[in-house]
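# Structural description and commentary
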Amino acid sequence: MAERVIYAMYDDDDVVKDAAKKLVANGIHIRDIFSPFPIHGIDPIIGVKHTRLGIVAFFFGLLGLALALFGMRYFMIVDWPMNIGGKPNFSLLENLPSFIPVTFEFTVLFAGHGMAITYLLRNKTLPGMPADNPYPRTTDDRFVMEIFVSDNEQFSIDDLHEKIKATDIIQLEEKDYKKIK
Amino acid sequence: MHKESAIREPLILGHKTYHDITEDVCRSIEGKAPKTWYIMFGIALLIGLYGVGCILYLLGTGIGTWGLNKTVEWAWDITNFVWWVGIGHAGTLISAVLLLFRQKWRMAINRSAEAMTIFAVFMAGLFPLIHMGRLWVGYWVVPIPNQYGSLWLNFNSPLLWDVFAISTYLSVSFVFWYIGLIPDFATIRDRAKSPVAKKAYSLLSFGWSGRAKHWNRFEIVSLVLAGLATPLVFSVHSIVSFDFATSIVPGWHTTIFPPYFVSGAVFSGFAMVQTLMLVLRKGLKLEAYIHTKHIEYMNIVIMVTGSIVGVAYLTELFMSWYSGVEYEAYAFLNRATGPYWWAYASMMTCNVVSPQLMWFKKLRRSLMFTFIISIVVNIGMWFERFVIIVTSIHQDYLPSSWSMFHPTWVDIGVYVGTIGLFFTFYMAYVRYFPVLAISEVKTILKSSGESYKNGTAPLHKSHDEKVVEVVASESDNSDQDDETTNKISSLMDKIGTSTADEKDDLKLISGVGPKLEEVLNGIGIFTFVQVSKMTKVEYDLMDSITKTFPGRAERDNWAEQAKELMNKQN
């Protein structure tokens, strides 16, 4: 049997937050919330962990930094040292001041792009990907909770409906879950 | 939630709901473009194409077509390059630095300011590329192994630093801009009616669905990118200034160049943002989101950075005397009193005097005045670069080689052409892109919306009957209902609607039985007239709705049959 999912629709961000608080307090597990903009403070309520993308950016930055320094050391010091206007060019350390701009730019380049690409991959948002928001208005002014029946097996279906209806809801729909991506 | 002081002016005027914001921004994308848009786009395109022509002529003939000579060997192109890069700085400053400072007013303008950045930096990048003369070997600025032995780039050279700085700046700004655009493209996608728009915007929106986890990541990515872009934006114009400051030419050899260039860049960039925003808010009717307060905030930035630039000018003058270096002193005397005094005078008036007028609250809140000043500043900042570059070298150490710079028509054509190209891109952007960060503006609606601040907004009503609508759905394909409705409405658009009253006997069409007639009536097809208007496209659309007998309508040629039946009726 296909998995059943309940979509509960709200029309206000504060209301959906209160509703989520209430439902979670009642022991209901909310899988996700679709919203047209970030709802501040919703993450801890429905148990979304803090993202580690910041750490990813840091390591990509380190990679860029290292690549830039290794590259310039090879080009300018090891492979073909040039005497340009008598500027110091015999060791990386002596030549470092004039390597700083490129090193900095490369660090930013890697950190920025590395993080952005990781972000797109982790979100599964890439060119040509299908969207999986249940209703088109969730990108406009509707807030929809996605509640899986299988996550809440301690409640009967009717009980679950009853509990969700007790919040300030504007529409409720239960259907088979269709995995889009 | 973000709380805002009650006495602070609201950022969104009047009463708006979340849906209103979507409507207001999408209106210009979904509606027809006004005639003015076509005229402006056409003019920009023509000028841009003329510029492209000039560039092609230049590439075919050579840099000799420029007005450079043995003494002034660097003038017009680098002036334009620095001018465009400078303009670009405001966009990143607004979206990155103001994000770090939690300035909420940035949300109304960051999208358009950053679009300006990208197009401006793109224009800037053209100048060094065409200055290479041989555009097709432009990839030589990248350190790649090559057949000329171990011939590498000179990483001690500020010109190479510039390559890295500008390309990093362009690509990181683009990523920053695009990541913010994805959710807004999704909004447009979900509203799009025409299949082409739907397809295009779903491609652009990368399948964004607005899950809580995605928003969580979105916010962190924006924050970290802002943190990266902030030092980046300062580094870029510092490095541009190194192009001059690391040389020993009197007038260029100055340690205050990096901060002075950066504030000049922000100064000119904000002026350009003002020029664009004042037109944009009127043209797209976004006065509720970009209003006098926003203009005033930007004018204050113009005033502050303009004052920094003014202080830098005076510091330079003082240092040229105080240093005791006679060449330095001459360079500055020559600037102010030499043959280019008029360029120096216009730079001083436009950049030092005009921003000081912003101290008057009446003036900095006047839209017309702001518009005029923004143009004046843009002109002034172009002259600043011209003065720094040309007047420092046109009278060098050897009086016999002293010379003036006269731009040729190619010089002017390429410059004017980049302005045309810039506006071509910008007009296209205004037409097809959400010019306001829809999702970001929604987050400040409740804290900074006028009606929410003064309490006139209707409070959220709790739904008494609790559940307004429970969608009973048993079948599997219930989630396609919306899609079907869309298809039906687009089918009806094409063949016209009718009511059951006008009903013809569709069973007369061979291939239509009582069962199929019922299905057709269910969609809203009742008359022969409707059927007669159907072509291959409509047949396919109908088949995808009814899912019965695919291809039958086309095979039996219903439209032709319906026409005959109509004739019989008459």
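All right, on to helix 8 (residues 257-283) of chain B then. Residue and element names in this part refer to chain B. Helix length check: helix 8, at 27 residues, gives a terminal C-alpha distance of 38 Å against a target of 39 Å (1.5 Å per residue), a fit within 8%. Burial within helix 8 is extensive, with 20 of its 27 residues counted as buried. Looking at the residues trailing helix 8, positive phi occurs at lysine 285, about 55°.

Further remarks concern the packing of helix 3 (residues 76-100) of chain B against helix 13 (residues 367-393) of chain B. Residues and elements named next belong to chain B. In the contact formed by helix 3 and helix 13, the axes pass within 9 Å of each other and the chain directions differ by 140°. In terms of their interaxial angle, helix 3 and helix 13 are classed as oblique. Our pair here, helix 3 against helix 13, has a crossing hand that is right-handed. From helix 3, Ile78, Thr79, Val82, Trp83 and Gly86 reach across to helix 13, where they touch Met381, Trp382, Arg385, Phe386 and Ile389. Along the lines of polarity and charge, the residues of the contact of helix 3 with helix 13 split into seven nonpolar, two polar and one charged.

Before going further, it helps to examine the packing of helix 3 (residues 53-79) of chain A against helix 4 (residues 92-123) of chain A. Residues and elements named next belong to chain A. For the pair helix 3 and helix 4, the least separation of the axes is 6 Å and the interaxial angle reads 145°. The element helix 3 and its partner helix 4 pack so that their crossing is right-handed. Grouping the constituent residues of the contact of helix 3 with helix 4 by class yields 21 nonpolar, seven polar and one charged.

To continue, consider the pairing of strand 1 (residues 4-10) of chain A. Residue and element names in this part refer to chain A. The buried count for strand 1 comes to five of seven residues, which makes it a mostly enclosed element. Where strand 1 meets strand 4 (residues 171-176), six bridges bridge the pair, whose relative direction is antiparallel. Of the residues in strand 4, the one forming a bridge with valine 5 is lysine 175. Examined bridge by bridge, strand 1 and strand 3 (residues 143-148) share six bridges and lie antiparallel to one another. Pairing of methionine 9 across the sheet is with valine 144, part of strand 3.

Okay, the domain arrangement of chain A next. Considered domain by domain, chain A is made up of domain 1 (4-50 + 147-176) and domain 2 (53-123). Summarising the inter-unit geometry, the C-alpha centres of domain 1 of chain A and domain 2 of chain A are found 47 Å apart.

This part takes up the environment of leucine 93 of chain A. Residues and elements named next belong to chain A. Looking at the secondary structure, you find leucine 93 in helix 4. With 9 C-beta atoms counted inside 10 Å, the residue leucine 93 sits in the exposed group. It is 9.6 Å that separates the C-alpha atoms of leucine 93 and arginine 73, two residues lying 20 residues apart in sequence.

Next up on the list: the nonpolar core. Among the nonpolar cores identified, the biggest contains 186 residues, and Ala8, Ala20, Ile33 and Met115 of chain A together with Val85, Val273 and Val441 of chain B are the most heavily contacted of them. With 17 residues, the top contributor of residues to this core is helix 7 (residues 212-245) of chain B. What valine 85 of chain B contacts, discounting residues up to four positions off in sequence, is Val121, Ala124, Ile166, Val236, His237, Val240 and Ala265 of chain B. In this structure, Leu491, Ile509, Phe528 and Val531 of chain B belong to the second largest nonpolar core, which totals 16 residues.

A few words now on the interface of chain A and chain B. Of the residues lining the interface, 71 residues belong to chain A; the matching set on chain B comes to 67 residues. Looking at the side of chain A that touches chain B, the elements with two or more residues in it are strand 2 (32-34), helix 2 (42-46), helix 3, helix 4 and strand 4 of chain A. The biggest single contributor to the side of chain A that touches chain B is helix 4 of chain A, with 18 residues.

Turning our attention to the domain arrangement of chain B. Partitioning chain B into structural domains gives domain 1 (18-453) and domain 2 (483-569). Computed over C-alpha atoms only, the centres of domain 1 of chain B and domain 2 of chain B are separated by 56 Å.

Residue and element names in this part refer to chain A. Structurally, the position occupied by isoleucine 147 is in strand 3. The class of isoleucine 147 is buried, set by 24 C-beta atoms lying within 10 Å. In the structure, isoleucine 147 is positioned 140 residues away from tyrosine 7 in sequence and 6.4 Å away in space, judged by C-alpha atoms. Not counting chain neighbours up to four residues away, the residues in contact with isoleucine 147 comprise Val5, Ile6, Ala8, Ile28, Ile30, Arg31 and Asn152.

The rules we used
- Residues numbered from 1 in each chain as written.
- Chains lettered and ligands numbered in written order.
- Predicted model: local features only at pLDDT ≥ 70, side-chain atom pairs only at ≥ 80, totals over all residues.
- Helix = DSSP H or I, 4+ residues; strand = E, 2+ residues; numbered from the N terminus.
- Expected span 1.5 Å × (residues − 1).
- Buried ≥ 20, exposed ≤ 12 C-beta atoms within 10 Å, placed from the backbone.
- Axes fitted to C-alpha atoms, helices over the stretch in contact; angles between N-to-C directions.
- Parallel < 35°, antiparallel > 145°, perpendicular 65-115°, else oblique.
- Left-handed = near helix turned anticlockwise from the far one by under 90°.
- Contact = placed C-beta atoms within 7 Å.
- Nonpolar A, V, L, I, M, F, W, Y, C, P; charged D, E, K, R; others polar.
- Pairing = 2+ DSSP bridges.
- Domains from an automatic or database assignment.
- Core = buried A, V, L, I, M, F, W, Y, C linked by C-beta atoms within 7 Å.

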